There are 2 protein chains.
Amino acid sequence: MATLPPTSTGTPNTLSEDSPLLYPLFARVRLATPSDVPHIHKQIHQMAVFERLSHVCSATEASLAATLFNSPPFQSFTVFLLEVSRTPFLNPDPNPNPSFVPISRTINLDFPIEDPESKAFRIDEDVTVAGFVLFFPNYSTFLAKPGFYVEDLFVRECYRRRGLGKMLLSAVAKQAVKLGYGRVEWIVLDWNVNAIKFYEEMGAKILQEWRICRLTGEALDAYRHFSDL
Amino acid sequence: MATLPPTSTGTPNTLSEDSPLLYPLFARVRLATPSDVPHIHKQIHQMAVFERLSHVCSATEASLAATLFNSPPFQSFTVFLLEVSRTPFLNPDPNPNPSFVPISRTINLDFPIEDPESKAFRIDEDVTVAGFVLFFPNYSTFLAKPGFYVEDLFVRECYRRRGLGKMLLSAVAKQAVKLGYGRVEWIVLDWNVNAIKFYEEMGAKILQEWRICRLTGEALDAYRHFSDL
């Protein structure tokens, strides 16, 4: 599929006469707000089902609301929401924030996307939530610079393979550059060759030698009384 | 070696009559402050030399000072400093902070440690910097909880193999439990079998299937103009 550029003002995209859009899909990446928690929550659970990890997914709307949005965007846990619409976005951003101008794209589809869950992910009459990315600052001592770590990148199933995941990840990368940060990092399963190919095409290096160590559950809880030992 | 418990008040350790300490080493983990930046900087460069990565280590005292200590402890990038002394710590903490009470241990050595760089790492007449850990919050969407990610754990060479690295990492784990966090994570090189054994003994699981993806340098900078595409 082809993506068309938004206008530089962030106003609705002008469609090129050279490539008439039979079925345009207007996509926008904006900062999520507390009112988006129900949509974020539903997507986290869909991601858990997709990864066959729903038994370890204990997130609730209440626990997400309590732990997200407690800091200004980019200073701690931050969520970009991906919205799509069959009509141009008339309002630049329902919750404008000086630290981030929403990023828009128009995707030219050969046929319209049928969204079986459009009601559950509706923002308003025209706009539907199609994905999200959750990220937060990390730090490199060698660079003495912050970076961003991407914890989750999710596009709802019916909207996949149209460049929307790349749009979300690119928005994080662009913000990292804007802030003068040194890196954007995330993790991938070593057998997920399609994802690895996609990330390498985006310019990422896959670090083959490093392994994640995780202390959690009872093993972590054992350190509760550490200073009393 | 054996470690002895500190008293619960954080005052100098009482030495057990059962195990007389010929060469006690008093160790303390406390929150680092901006005045510790020169010592942190020197250790970061020692770590880079040890890892044969000094060519990619561009941290300076100025760049560290500009990027650390901009948030209250534990809300963003946080450093615990490890201090050692041949005499008990008389002052509980030079920079007391309500969010963290320093953790102390007394290590019974068979022979005194010769520190060839004691002058460069001196805090005062008695106290020397022996290591540090730099960590910051991360987030698990499945748990809907923050955790801590440990970016660097370093003990100066002459103080290694005495439980001080474990003391630093345990202090981070204890703080995670105290804050109700879900995980402590860090990374290890897959060929570093001694480190892996050490981490597993501390209760960590090594995640074998996940790989880190990193976007940095020119590949990251390419996203500067993403929204103009």
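The rules we used
- Residues numbered from 1 in each chain as written.
- Chains lettered and ligands numbered in written order.
- Predicted model: local features only at pLDDT ≥ 70, side-chain atom pairs only at ≥ 80, totals over all residues.
- Heavy atoms only, no water.
- Helix = DSSP H or I, 4+ residues; strand = E, 2+ residues; numbered from the N terminus.
- Buried < 20%, exposed > 50% of the residue type's maximum accessible area, 1.4 Å probe, protein only.
- Contact = heavy atoms within 4.5 Å.
- Areas by Shrake-Rupley, 256 points an atom, 1.4 Å probe, with all protein chains shown as cover.
- Arc of directions from axis to C-beta.
- Buried area = accessible area lost by both parts, 1.4 Å probe.
- Salt bridge = Lys/Arg side-chain N within 4 Å of Asp/Glu carboxyl O.
- Nonpolar A, V, L, I, M, F, W, Y, C, P; charged D, E, K, R; others polar.
- Pairing = 2+ DSSP bridges.
- Least-squares fit on C-alpha atoms with pLDDT ≥ 70 in both.
- pLDDT = per-residue confidence, 0-100.

### Focus: the overall build of chain A
Tallying secondary structure elements over chain A gives five helices and nine strands in all. N-terminal to C-terminal, the α/β element order of chain A is β-β-α-α-β-β-β-β-α-β-α-β-β-α. Each of the 229 residues in chain A was classed as buried or not, and the buried ones make up 51%. Contacts in chain A between residues at least 24 apart in sequence constitute 75% of all its contacts with a sequence separation of at least 6. By element, 54% of the accessible surface of chain A is carried by carbon and sulfur atoms, the whole surface being about 11100 Å².

### What about helix α4 (residues 193-201) of chain B?
Among all positions of α4 of chain B, only Ala 195, Ile 196 and Tyr 199 of chain B are buried. The arc that holds the buried residues of α4 of chain B, viewed along the axis, is 100 degrees, so those residues lie on one side. Pointing more than 90 degrees away from the buried face of α4 of chain B are the exposed residues Val 193, Asn 194, Lys 197 and Glu 201 of chain B. Close packing links the buried residues of α4 of chain B with β9 (210-216) of chain A together with β6 (145-155), α3 (164-178), β7 (183-189) and β8 (205-207) of chain B. Phi turns positive, to about 105 degrees, at Gly 203 of chain B, one or two residues after α4 of chain B.

### Details of the environment of Leu 179 of chain A
Residues and elements named next belong to chain A. Here Leu 179 shows up in the loop between α3 (164-178) and β7 (183-189). Along the chain, Leu 179 and Phe 69 lie 110 residues apart, while their C-alpha atoms are 19 Å from each other. In this view, Leu 179 contacts Phe 74 and Phe 148; residues no more than four positions away in its chain are not counted.

### Examining the interface of chain A and chain B
Of the residues lining the interface, 75 residues belong to chain A; the matching set on chain B comes to 75 residues. Buried area between chain A and chain B, summed over both chains or domains, comes out near 7300 Å², and the portion from carbon and sulfur atoms is 61%. Broken down residue by residue, the surface that chain A buries against chain B is led by Phe 142, Arg 211 and Arg 214 of chain A, which jointly contribute 13%. On the surface where chain A and chain B come into contact, there are four salt bridges. The partner of Arg 214 of chain A in a salt bridge is Glu 185 of chain B, with the nearest N and O atoms 2.5 Å apart. By residue class, the composition of the side of chain A that touches chain B is 47 nonpolar, 14 polar and 14 charged. With three bridges connecting them, strand β8 (residues 205-207) of chain A and strand β9 (residues 210-216) of chain B associate as antiparallel partners. By the bridge assignment, Ile 206 of chain A is partnered in β9 of chain B with Cys 213 of chain B.

### Focus on the relation of the copies chain A and chain B
Put simply, the second copy of the chain is the first one after a rotation about an axis and a shift along it. Its rotation angle being 180 degrees, the transformation that places chain A on chain B also includes 0.0 Å of axial translation and leaves an RMSD of 0.0 Å. Taken together, the rotation angle and the small translation identify this as a two-fold axis. Same-surface contact between copies: 100% of interface residues of chain A are shared with the interface of chain B.

### Some remarks on the pattern of salt bridges
Residues and elements named next belong to chain A. As enumerated under the stated definition, the model contains 18 salt bridges over all chains in all. For Glu 201, the salt bridge identified is with Lys 197, shortest N-O distance 3.2 Å. Here Glu 201 pairs with Lys 197, and both are found in helix α4 (residues 193-201), just four residues apart, close to one helical turn. Bridged by salt links that share partners, the residues Arg 28, Arg 30, Asp 36 and Glu 83 form one connected network.

### Here's the deal with the environment of Pro 98 of chain A
Residues and elements named next belong to chain A. Note on placement: Pro 98 falls in the loop between β3 (78-85) and β4 (103-109). Judged by its relative accessible area of 83%, Pro 98 is exposed. For the pair formed by Pro 98 and Ala 27, sequence separation is 71 residues and the distance between their alpha carbons is 20 Å.

### As for the side chain of His 39 of chain A
Secondary-structure assignment places His 39 of chain A in helix α1 (residues 37-50). Relative accessible area serves as the criterion here: at 11%, His 39 of chain A is assigned to the buried category.

### Thoughts on the confidence of the model for chain A
Residue and element names in this part refer to chain A. Per-chain confidence: chain A averages 90 in pLDDT, with 90% of residues scoring 70 or above. Long-range and interchain partners of residues 1-17, a stretch whose pLDDT sits below 50, account for 36 contacts in this model, where long-range means more than four residues apart. Interface predicted TM-score (ipTM) for the complex: 0.88; the corresponding pTM is 0.89.

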